[in-house]
Amino acid sequence: MPERWDSIYVDRIESTKRIYLTQPQEYGFMYMGQVETSDRVRKSIPRECGQIKGRSNENKILIATAITTALNRNNLKSSKGLIVRRFKGQTPFPGLQTALIKVHGKSLRVKGSTGWIVYISPEERFYSIVNGSYKDKELTKQQSKMIHNCIEYIENEWR
């Protein structure tokens, strides 16, 4: 099963740093053709983006964060931020213990089969997410610089 990525706008962050999403959920763009197709999900992350090369998990996360930031820049400034999430690709199996949810009205997945990866603030600062839905530490300066270089690459080369 291929990995899938998407982004969702944030409604609020509580004093405990718990992140709550907009209700109903408002999705951010993940790729250029999205406006015409209204599809919210990117099924793969490019192998390269500016200075970021390779397929390591960290690089995929940085590229996905850059894509989300670049394609949602105008709306991001007037929002409470975005989260980037990845589908873990778990499929449902029969049994009373399994909690199932609908994903985009197309298929069922095991509840909890998505991982919230990064929170993007309206000021374009990037934070890791821990315990499923809590804003944690800001990404390192090196990681942030790589993301901003990738954003610049996307804006110059993709449009």
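The residue count restarts for each chain, going from 1 along the sequence in the order it is written. Two thresholds apply to this predicted model, a pLDDT of at least 70 for residue-level local features and 80 or more for giving and counting side-chain atom pairs, whereas whole-chain, interface and lining totals are computed over all residues. The basis for every side-chain value is the complete set of non-hydrogen atoms in the structure, without hydrogens or water.

Observations concerning the nonpolar core
Rules: Nine residue types can take part in a nonpolar core, namely buried Ala, Val, Leu, Ile, Met, Phe, Trp, Tyr and Cys, and a core is a set of them joined through side-chain atoms within 4.5 Å. Working definition: with a 1.4 Å probe on protein chains only, accessible area under 20% of the residue-type maximum means buried, over 50% means exposed, and in between means partly exposed. Strands are runs of DSSP state E lasting at least 2 residues, helices are runs of H or I lasting at least 4, and numbering of each runs from the N terminus.
Counting residues in each nonpolar core, the largest one holds 27 residues, and the members touching the most others are Trp5, Ile120, Phe126, Ile147 and Ile154. Mapped onto this core, the elements with two or more residues apiece are strand S1 (4-13), helix H2 (57-71), strand S4 (82-87), strand S7 (114-120) and helix H4 (141-157). Ranked by the residues each element gives to this core, the list is headed by H2, at 8 residues. By size, the runner-up hydrophobic cluster in this structure holds 9 residues, among which are Ile19, Ile83, Tyr127 and Ile129.

Looking at the state of the cysteines
This is how the line gets drawn: Cysteine sulfur pairs qualify as disulfides if the two atoms are within 2.5 Å.
Within the structure shown, the criterion is met by 1 disulfide. Paired through a disulfide, Cys49 and Cys150 show a sulfur-sulfur distance of 1.7 Å. Taking the torsion about the sulfur-sulfur bond, which here is approximately 100°, the covalent link between Cys49 and Cys150 counts as right-handed. Residue Cys49 is found in the loop between helix H1 (34-37) and H2, and its partner Cys150 is found in helix H4; the two are separated by 101 residues along the sequence. We note that Cys49, like Cys150, is buried.

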